[in-house]
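Chain residues, written in single-letter form:
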Amino acid sequence: MSVVPVIEADVLRRQDPELAEILLGELARQSTTLQLVAAENFTSPAVLAALGSPLANKYAEGYPGARHHGGCEIVDVAERVAVERAKALFGAEHANVQAHSGSSAVLAAYAALLRPGDTVLALGLPYGGHLTHGSPANFSGRWFDFVGYGVDAETGIVDYAQMRSLARTHRPKAIVCGSIAYPRHIDHALFREVADEVGAYLIADAAHPIGLVAGGAAPNPVPYADIVCATTHKVLRGPRGGMLLCGSELAERVDRAVFPFTQGGAQMHTIAAKAVAFGEAATPAFTAYAHQVVANARVLAAGLAGEGFVVTTGGTDTHLITVDPLPLGVDGRAARGQLTAAGLVLDCCPLPHGDSRGLRLGTAAVTTQGMGEGEMATIAALLAGVLRGRVDTRRARDEVRDLVGGFPPYPG
Ligand SMILES: *Cc1c(COP(=O)(O)O)cnc(C)c1O
């Protein structure tokens, strides 16, 4: 199967060379630099095919069997398949696969459970909370009264005692667990216990680890949380999008919170692509992949520690690593610029003491490419070499190109 069918068919190139050039340029960038952005992955040709399919043409407001548009009988089947696969994959009684993104899924979860002005307890933004966990620049911070718990400044581990005490003081309507930059497993049982103690809903924003959950490489929040929000495009390796999982008793509220409350027509091509990704995630190959992602992250974290980076929490349980590069003589913001110029693409992130000058890396994409522990050691040395000035930018770019050349994300 072709990687990007439209480009390979040459249709786009003939009709719109300007855009064809841009698409091919991005494919070349992804294939010649090292993708260490923890939220990214290489989705499969089958998922790309579903995304580029005529399902993109179909209007389908509502849910299967109850649409506001005619002609939905075939896309209804696609959505039913996606829902059934998601339920089976995560052991959930109900799944909503229409959320356009992770943020839309969180918005819908709040809409299902909260009223404007309600108090919500979530990981504070300076410690790795997502925008949708109370940023003043986001709907969440404007419409709800967020209280932030933190992480221990020394260990980087969620400060569960503080979280419990803030819950007792503020009696939130909902507690949110989940982060953009937390490398360890979350104690869902403890969050559930605190939520029950104060009469709060528990929302698990599992956007990052949900792919590891699918592969059995991280604990499943579904048995503990009232609603689980997730993305489908991070470790899970599906199309860009969101989903919600919950028990039967909240099913109708969640569905109505997505449509018609926060969204219009469902994106049926994306939902079909989600179904394809859920199908892939249910295979033994994906289970092996998820475990390799974690094994790679552990080796990369150890390699970075060996090079002098301060590794938050001392390591990782997941695909995600955060480090302070300061001992190498540069803070996260400067480091990201130098590394990106050298073809090592990653993000800045918050550090446990609450400033945002760390670096965040993930192993989801490089593992999809087929890299293993040996390559992780090479990558750790390259990252340190660039920041310490041992390897100049040009040589680093060449070394990166050689390394990724052996692991093309889309062979052929
Ligand atoms: C990625 C992420 C989101 C948002 O996903 P988008 O698809 O970018 O909207 C929300 N919450 C957490 C914790 C995330 O990591």
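Scoring rules and cut-offs
Residues numbered from 1 in each chain as written. Predicted model: local features only at pLDDT ≥ 70, side-chain atom pairs only at ≥ 80, totals over all residues. Heavy atoms only, no water. Pairing = 2+ DSSP bridges. Helix = DSSP H or I, 4+ residues; strand = E, 2+ residues; numbered from the N terminus. Axes fitted to C-alpha atoms, helices over the stretch in contact; angles between N-to-C directions. Contact = heavy atoms within 4.5 Å. Buried < 20%, exposed > 50% of the residue type's maximum accessible area, 1.4 Å probe, protein only. Salt bridge = Lys/Arg side-chain N within 4 Å of Asp/Glu carboxyl O. Near = heavy atom within 4 Å. Polar contact = N/O pair within 3.5 Å; in protein donor to acceptor, adjacent residues only side chain to side chain. Areas by Shrake-Rupley, 256 points an atom, 1.4 Å probe, with all protein chains shown as cover. Nonpolar A, V, L, I, M, F, W, Y, C, P; charged D, E, K, R; others polar. Phe/Tyr/Trp six-rings, centres within 6.5 Å; stacked < 30°, edge-to-face > 60°. Patch = residues over 30% accessible without salt bridge, like charges linked within 9 Å, V, L, I, M, F, W, Y side chains within 5 Å.

- Taking an unreviewed UniProt entry as the reference, the protein chain is identified by name as Serine hydroxymethyltransferase belonging to Streptomyces sp. R08.

Describing the sheet that holds strand β5 (residues 119-123)
- Taken in spatial order, the seven strands line up as β4-β10-β9-β8-β7-β5-β6 in an open sheet, and their pairing is mixed. Edge positions in the open sheet fall to β4 (94-96) and β6 (145-149), since each of these has one partner strand only. Strand after strand, the sheet turns through a mean of 20 degrees between neighbouring axes, direction not considered.
- Both strand β7 (residues 174-177) and strand β8 (residues 201-205) contribute to a ladder of four bridges, which runs parallel. Across the sheet, residue Ala 174 finds its bridge partner in β8, namely Tyr 201.
- Against the sheet, helix α8 (residues 160-170) touches β5, β6 and β7, its axis set at about 155 degrees to β6.

What to know about the environment of Ala 82
- Residue placement: Ala 82 occurs in helix α5 (residues 73-90).
- Among the residues examined, Ala 82 registers a relative accessible area of 0% and is labelled buried.
- In contact with Ala 82, not counting residues within four places along its chain, are Val 97, Ile 271, Ala 275 and Phe 278.

Digging into the sheet that holds strand β11 (residues 310-311)
- Taken together, four strands build an open sheet; the order of strands is β11-β12-β15-β14 and the sheet is antiparallel. Of all the strands in the sheet, the pair left with one neighbour each is β11 and β14 (347-349).
- Taken together, the four bridges between strand β12 (residues 320-324) and strand β15 (residues 358-362) define a ladder with antiparallel strand orientation. Residue Thr 322 lies in a different strand from β15, and its bridge partner there is Arg 360.
- Set on the sheet, helix α14 (residues 332-341) makes contact with β14 and β15; between it and β15 the angle comes to about 45 degrees.

Description of the pattern of salt bridges
- In the structure shown here, the tally under the stated rule is 18 salt bridges.
- Residues Lys 173 and Asp 118 are paired through a salt bridge, measuring 3.3 Å at the closest nitrogen-oxygen approach. With Lys 173 in the loop between α8 and β7 and Asp 118 in the loop between α6 (102-113) and β5, this pair connects stretches of sequence that are 55 residues apart.
- Judged by relative accessible area, Lys 173 falls into the partly exposed class, the value being 32%.

What to know about the site of the ligand
- Taken together, Ser 101, Gly 102, Ser 103, His 130, Ser 179, Ile 180, Asp 205, Ala 207, His 208, Thr 231, His 233 and Lys 234 make up the full set of residues near the ligand.
- In this structure, Gly 102 approaches the ligand through a main-chain N or O atom, which is 2.9 Å from an oxygen atom.
- Contact with the protein chains covers 85% of the free accessible surface of the ligand, which is 380 Å².
- Looking at the shell around the ligand residue by residue, the classes come out as two nonpolar, eight polar and two charged.

A look at the packing of aromatic side chains
- Scanning the model with the defined rule gives nine aromatic pairs in all.
- Plain terms: the ring middles of Tyr 110 and Phe 139 are 6.1 Å apart, the flat faces sit at 55 degrees to each other, and that makes the pair tilted. Residue Tyr 110 is located in helix α6, and its partner Phe 139 is located in helix α7 (residues 139-143); the two are separated by 29 residues in the primary sequence. As far as burial versus exposure is concerned, Tyr 110 and Phe 139 are alike and both buried.

Considering unusual backbone geometry
- Across the junction of Phe 259 and Pro 260, the peptide omega takes the value 10 degrees, indicating a cis bond.
- Assignment of secondary structure puts Pro 260 in helix α11 (residues 248-262).
- Positive phi, normally seen in glycine, also occurs at Arg 171, with a value near 45 degrees.
- With respect to the element layout, Arg 171 can be found in the loop between α8 and β7.

Remarks on a nonpolar patch on the surface
- A cluster of nonpolar side chains, namely Leu 19, Ile 22 and Leu 23, defines an oily patch on the protein surface of about 240 Å² accessible area.
- Within the element layout of this structure, Ile 22 appears in helix α3 (residues 17-32).

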